[in-house]
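Survey of secondary and tertiary structure
Chain by chain, the residues run as shown.
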Amino acid sequence: MTSVEAVTSALEKLGIKPSAMVEHDAAMTVEAGLQAIEGKCPGVFVKNLVVRDKKAGLFLLSVRHDAKVDMKALPQLLGVSGGNFRMADSALMTEKLGVAQGSVTPLAVMNDTEGAVRLVLDKTLVADGATVALHPCTNTRTCSISGAELLAFVNSHGHEPLLADFAAAAAGNGNGGGGGGGGAAKPKEGGKAKEGGKAKAAGGGGPTKGAGKKENASEKGIEYTKAGNLPKWYEQVIVKSEMIEFYDISGCYILRPWSFSIWEAIKDFLDAKIKTVGVTNCYFPMFVSEAKLQAEKDHIEDFAPEVAWVTKSGDGDLNEPIAIRPTSETIMYPAFRSWIHSHRDLPIKLNQWCNVVRWEFKHPTPFLRTREFLWQEGHTAHATKEEADVEVLQILEFYAAVYEELLAVPVIKGRKTEKEKFAGGDYTTTVEAFIPAAGRAIQGATSHGLGQNFGKMFRIEFEGADGKKAIPWQNSWGLTTRTLGVMVMVHGDDKGLVLPPRVAPLQAVIVPITMKDVDEGAQLKTCGEIAAALREAGVRVHVDDRSNYNPGWKYSYWELKGVPLRLELGPKDMAKQQIRVVRRDTNDKEDVPLSILPQKAALLLVQMQHEMLARARQTRDSYVAQALTWEDFMAKIGAGNLVLTPYCNEKEFEELVKKRSKEEALAAAGEEAEDDRAAISLAVKTLCIPYEAPPLPDGTPCFISGKPAVCWTLWGRSY
């Protein structure tokens, strides 16, 4: 990201000295920016919008803070043929302008050396005598310069801005462009944005073919950028890092040792956790009869379209079709009925590590949305509601620990709304993760309080200590291999995987750097001794002594696989009794004496784990916004945020938000409908009612209904 110092230095080269430079808390919105500089910074505060159109390209609109921008009026205002302008995603802003979301400014064109962004200035900002207040590429500072100085600055960086009359356009005058009475002049050649950005939500499509492709990229490495083409990037990372191999049945994938080892680390961690609260492992058959599956129609209704059926054995048809489990309530609870008779039989706390099949019709994505996946499912029965409720939250904490302590992925804990809860249960709790590159949330794991509903359905009863018949209180909870996909998308970069040390199959790789006249035998012996010392310190390490690959190739290979530490040992290092240590997450390099290497490596791994979580949390938090009105809500959703709103928590208004947000997004994209098979939707949904939320003042209105709000609710577009 561009520093304040770089901006001020660029201004000074032109003899421009800001009349004011105010430091303040990060201002993510125009309102926050105005409040931060009130009485301190002269001039008109500048609002910035980055918009894109497939045909017209990428535009940075810098306007007065109170100006209204009509997306539908932009083609005529800008004098372009495109007609489907929409907000560009934050990753594209960062890639092209070198600034983070909330820090966009017309000064950022200094980073656009390729001319990918067309700058459009509100003509009032550069009128005679005008002064503007804008961010110097960071939203923790605001500076004041004259409109003439702003023009001089952008021109000096090769950007001749289009001057547009946004006030006239907002008033309905189509001739608001500054290029003549018929609108604006077309952008000069080279001013179009390259196609890219996050996957197109409408219809589930993605970037155009070739979007985000690196120039002269090797086919052996990652050929696409994460910001430019997230779907292609993700596919290449998981395949080329040897996590996944595609299979000839759509939606089913081979988990190679590199990914399965990470799943085993998750399994070992969580298995130890659940056993501390008395859970034991078991295994139930994967097949279920049609009669049992239909025993709880309300529960199975959500899964019905995804159930896979076995109908043949050899050449003959089965007497009745047999389902492959989509989940195991209907398989396990008849057994509970046989086992539970007295309060002395409770609690029952069972878990199984297994696979399930849900025959998704939507576009499958490895780890995130697959037809067969691995998971654990816990099923418990308790004598009292209080005991069951305690366990629901215990398990939720364990799931949060998987993500935060193991995978270094921050999550938001909360309770699902009635609309989004598990079918047939009393309530559902969840941990929600966020993928910044996509601007979308993803459900991490859920822990359900089932109440007595399944006990009634399956006629599970026990005799209490008071001699009376009672129905047990049940819970179910599950976590899947989706965890791996979330980890990849949160931490990966344009070189490949970036693995948190606690789950990395290898935490360090030693690469000997061989040269002529070097005793390779002695060098490899030293590598072996270093590896032994590291293993004794608890570090998972490998010596890459392959003679058919040079060191540079090996560096790229292990970077792609995400190994946390690379240790380079050359002849000079041997002479100095040291080794070069390179961190995968930051590329920081340090020469470390061999005498302290085991301690240093172990410390670095702990430090990396902590810092990866801290960075991911800081990034996630920058995408969490509050909104009190529908208009503000949709603007922040459009910018790729999670949005916290006051909400009346009534199901009909949740449906209204989904319907209205989808319609408005489709209209803005110039499309009539989205593909039902799309893996992701434009509709905004509730993610959870967060357990940690700010106080809600009495009388606060719901942002959609206007009724009194009863809670803060987190919304977003989701996988």
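Provided above is the structure to which this section pertains.
Anyway, here's the lowdown on the structure attached to this text. (Residues numbered from 1 in each chain as written. Predicted model: local features only at pLDDT ≥ 70, side-chain atom pairs only at ≥ 80, totals over all residues. Heavy atoms only, no water.)

1. A closer look at the overall build of the protein
- Helix and strand counts for the protein come out as 20 helices and 31 strands.
- Relative to the globule expectation of 27 Å for 719 residues, the C-alpha radius of gyration of the protein, 29 Å, shows essentially globular dimensions.
- Based on the C-alpha atoms only, the size of the protein along its principal axes is roughly 90 × 80 × 55 Å.
- By residue count, 54% of the 719 residues in the protein fall in the buried class.
- The contacts in the protein between residues at least 6 apart in sequence include a share of 67% that link residues at least 24 apart.
- Only carbon and sulfur atoms are counted for the fraction: they give 50% of the accessible area of the protein, which is about 31500 Å².
- If the 85 positive side-chain charges of the protein are averaged to one point and the 91 negative ones to another, these points end up 2 Å apart. (Helix = DSSP H or I, 4+ residues; strand = E, 2+ residues; numbered from the N terminus. Rg over C-alpha atoms; globule rule 2.2 N^0.38 Å. Buried < 20%, exposed > 50% of the residue type's maximum accessible area, 1.4 Å probe, protein only. Contact = heavy atoms within 4.5 Å. Areas by Shrake-Rupley, 256 points an atom, 1.4 Å probe, with all protein chains shown as cover. Lys, Arg positive; Asp, Glu negative; His and termini not counted. Charge placed at Lys NZ, Arg CZ, Asp CG, Glu CD.)

2. Here we look at the pattern of salt bridges
- Tallied over the entire structure, the rule returns 33 salt bridges.
- Between Lys 96 and Glu 95 there is a salt bridge, with its nearest N and O atoms 3.8 Å apart.
- The class of Lys 96 is buried, set by a relative accessible area of 10%.
- The salt bridge involving Lys 707 is made with Glu 650; its shortest N-O contact spans 2.9 Å. Of this pair, Lys 707 sits in the loop between strand S30 (685–690) and strand S31 (711–716) while Glu 650 is found in the loop between strand S29 (642–647) and helix H20 (651–669), placing the two residues 57 residues apart along the sequence. (Salt bridge = Lys/Arg side-chain N within 4 Å of Asp/Glu carboxyl O.)

3. Structural notes on the environment of Met 286
- As for its placement among the helices and strands, Met 286 is situated in the loop between strand S11 (280–281) and strand S12 (287–289).
- You can call Met 286 partly exposed: its relative accessible area is 24%.
- For Met 286 and Leu 374, which are 88 residues apart along the polypeptide, the C-alpha to C-alpha distance reads 12 Å.
- What Met 286 contacts, discounting residues up to four positions off in sequence, is Ala 323, Ile 324, Arg 325 and Asn 355.

4. Points about the pairing of strand S19 (residues 440–451)
- Counting buried residues in S19 gives eleven out of twelve residues, a clear majority hidden from the surface.
- Between strand S18 (residues 427–435) and the antiparallel strand that follows it, S19, lie four residues; Gly 439 among them carries a positive phi value of about 65 degrees.
- The sheet contact formed by S19 and strand S22 (residues 473–480) spans five bridges and is antiparallel. Within the sheet, the bridge partner assigned to Ser 447 lies in S22 and is Trp 477. (Pairing = 2+ DSSP bridges.)

5. Details of the sheet that holds strand S25 (residues 565–569)
- If you walk across this open sheet you meet the five strands as S24-S23-S25-S26-S27, and the pairing is mixed. Strands with a single pairing partner mark the edges of an open sheet, and in this sheet they are strand S24 (541–543) and strand S27 (589–593). Pairwise comparison of adjacent strand axes, ignoring direction, gives a mean angle of 25 degrees for this sheet.
- Two elements, strand S23 (residues 508–512) and S24, share three bridges in a ladder whose sense is parallel. Among the inter-strand pairings, Ala 508 is bridged to a residue of S24, identified as Val 541.
- Strand contacts of helix H15 (residues 520–536): S23, S24, S25 and strand S26 (578–583), with the helix running at about 170 degrees to S23, the strand carrying the most contacts.
- Where helix H16 (residues 551–560) meets the sheet, it contacts S23, S24 and S25, and its direction lies at approximately 170 degrees from that of S23. (Axes fitted to C-alpha atoms, helices over the stretch in contact; angles between N-to-C directions.)

6. Looking at H20
- With 19 residues, H20 extends 27 Å from end C-alpha to end C-alpha; this agrees with the ideal 27 Å at 1.5 Å per step.
- Where H20 is concerned, the buried positions are Phe 653, Glu 654, Val 657, Ser 661, Ala 665, Leu 666 and Ala 669.
- Residues of H20 that are buried make contact with helix H19 (630–638), S29, S30 and S31.
- Positive backbone phi, approximately 70 degrees, marks Gly 670, located one or two places after H20. (Expected span 1.5 Å × (residues − 1).)

7. Comments concerning the nonpolar core
- Ranked by size, the top nonpolar core spans 59 residues in total, and within it Met 243, Ile 266, Leu 407, Leu 479 and Val 488 carry the most contacts.
- Secondary-structure elements contributing two or more residues to this core are helix H7 (230–240), helix H8 (257–275), helix H12 (385–406), S18, S19, S22, helix H14 (482–491) and H16.
- A total of nine residues in this core trace back to one element, the largest contributor, which is H12.
- Residues within four places of Leu 407 in sequence aside, it is in contact with Ile 266, Val 402, Thr 483, Met 487, His 491, Pro 500, Val 503 and Gln 609.
- Counting residues in each nonpolar core, the second largest holds 31 residues, with Leu 11, Val 46, Leu 97 and Leu 121 among its members. (Core = buried A, V, L, I, M, F, W, Y, C linked by side-chain atoms within 4.5 Å.)

8. A few points about unusual backbone geometry
- With an omega of -5 degrees, the peptide bond running from Leu 346 to Pro 347 counts as cis.
- With respect to the helices and strands, the residue Pro 347 is situated in the loop between helix H11 (329–339) and strand S15 (348–357).
- One non-glycine residue, Phe 367, adopts positive backbone phi at about 70 degrees.
- With respect to the helices and strands, the residue Phe 367 is situated in the loop between S15 and strand S16 (372–382).
- At Asn 649, a residue that is not glycine, the phi angle is positive and equals roughly 60 degrees.
- Mapped onto the elements of the fold, Asn 649 is located in the loop between S29 and H20.

9. Observations regarding the packing of H8 against H12
- Remark: H8 packs on H12, axes separated minimally by 10 Å, with the N-to-C direction vectors making an angle of 145 degrees. Every pair of crossing elements has a handedness; the one defined by H8 and H12 is right-handed. Contact with H8, carried on its side by Ala 265, Ile 266, Phe 269, Leu 270, Lys 273 and Ile 274, involves Ile 395, Phe 398, Tyr 399, Ala 401, Val 402, Glu 405 and Leu 406 of H12 and no other residues of that element.
- Residues of the contact of H8 with H12, tallied by class, amount to eleven nonpolar, no polar and two charged. (Left-handed = near helix turned anticlockwise from the far one by under 90°. Nonpolar A, V, L, I, M, F, W, Y, C, P; charged D, E, K, R; others polar.)

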